[in-house]
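# Working through the structure, step by step
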Amino acid sequence: MGLMKHQKRITFQETDMRLIPSIGIYITMNPGYAGRSELPDNLKALFRPVTMCVPDLQLICENMLMSEGFIQAKVLAVKMTTLYKLSKEQLSK
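As a further point, take the confidence of the model for the protein chain. Summary statistics for the protein chain give a mean pLDDT of 87 and a share of 99% for residues scoring 70 or more. Confidence, read as mean pLDDT per element, is least for helix 1 (residues 41-44) in the protein chain (84) and greatest for helix 2 (residues 57-67) (96).

Here it is in structure tokens:
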């Protein structure tokens, strides 16, 4: 609320403190893993949810190749991502 009002100082749990707009607090949750539980609803309400997804490596590779000037970037991206996928699956770490 203090950020939205552009305040320099806020009161947090009865303590007056300086508000630094470049600082954020984040919580990462993976509740599907063993031993982890859901965040309580009252705490969950204080944070904005962000969803992450698996990146499209072929599209990323294609853009990187295009930015370097490769004409056949789409074809090369398919070949490179296939190579990396096979390497990941078949080679030891």
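For the pair helix 2 and helix 3 (residues 73-90), interaxial distance at closest approach is 8 Å and the crossing angle is 130°. Classified by the angle their axes make, helix 2 and helix 3 are oblique. The handedness of the crossing between helix 2 and helix 3 is right-handed. In this structure, helix 2 contributes Leu 57, Gln 58, Cys 61, Glu 62, Leu 65 and Met 66 to the contact, and helix 3 contributes Ala 73, Lys 74, Leu 76, Ala 77, Val 78, Met 80 and Thr 81. Residues of the contact of helix 2 with helix 3, tallied by class, amount to nine nonpolar, two polar and two charged.

What follows is about the pattern of salt bridges. Taken as a whole and judged by the stated rule, the model has four salt bridges. Across the pair Asp 16 and Arg 9 runs a salt bridge whose closest N-O atoms are separated by 2.9 Å. Taking the shortest distance from any N to any O, the salt bridge between Asp 41 and Lys 44 comes out at 3.9 Å. With Asp 41 and Lys 44 both in helix 1 and three residues apart, this pair spans about one turn of that helix.

Along its 18 residues, helix 3 runs 25 Å from first to last C-alpha, staying within 8% of the 26 Å computed at 1.5 Å per residue. Taken residue by residue, helix 3 has Ala 73, Ala 77 and Thr 81 as its buried positions. Looking straight down helix 3, one finds that the buried residues subtend no more than 60° of arc, so they occupy a single side. Of the exposed residues in helix 3, those oriented more than 90 degrees away from the buried face are Lys 79, Leu 83, Glu 89 and Gln 90. Each element contacted by the buried residues of helix 3 is listed here: helix 2.

Taken together, the side chains of Ile 27, Met 29, Leu 43 and Leu 46 define a hydrophobic patch exposed on the protein surface, amounting to about 350 Å² of accessible area. Residue placement: Leu 43 occurs in helix 1. The partly exposed category is assigned to Leu 43, whose relative accessible area is 33%.

Strand direction decides the pairing type here: strand 1 (residues 9-12) and strand 2 (residues 15-18), joined by four bridges, are antiparallel. Within the sheet, the bridge partner assigned to Phe 12 lies in strand 2 and is Thr 15. Adjacent in sequence and paired antiparallel, strand 1 and strand 2 are bridged by two residues, among which Gln 13 carries a positive phi angle near 50°.

So, how was this worked out
Residues numbered from 1 in each chain as written. Predicted model: local features only at pLDDT ≥ 70, side-chain atom pairs only at ≥ 80, totals over all residues. Heavy atoms only, no water. pLDDT = per-residue confidence, 0-100. Helix = DSSP H or I, 4+ residues; strand = E, 2+ residues; numbered from the N terminus. Axes fitted to C-alpha atoms, helices over the stretch in contact; angles between N-to-C directions. Parallel < 35°, antiparallel > 145°, perpendicular 65-115°, else oblique. Left-handed = near helix turned anticlockwise from the far one by under 90°. Contact = heavy atoms within 4.5 Å. Nonpolar A, V, L, I, M, F, W, Y, C, P; charged D, E, K, R; others polar. Salt bridge = Lys/Arg side-chain N within 4 Å of Asp/Glu carboxyl O. Expected span 1.5 Å × (residues − 1). Buried < 20%, exposed > 50% of the residue type's maximum accessible area, 1.4 Å probe, protein only. Arc of directions from axis to C-beta. Patch = residues over 30% accessible without salt bridge, like charges linked within 9 Å, V, L, I, M, F, W, Y side chains within 5 Å. Areas by Shrake-Rupley, 256 points an atom, 1.4 Å probe, with all protein chains shown as cover. Pairing = 2+ DSSP bridges.

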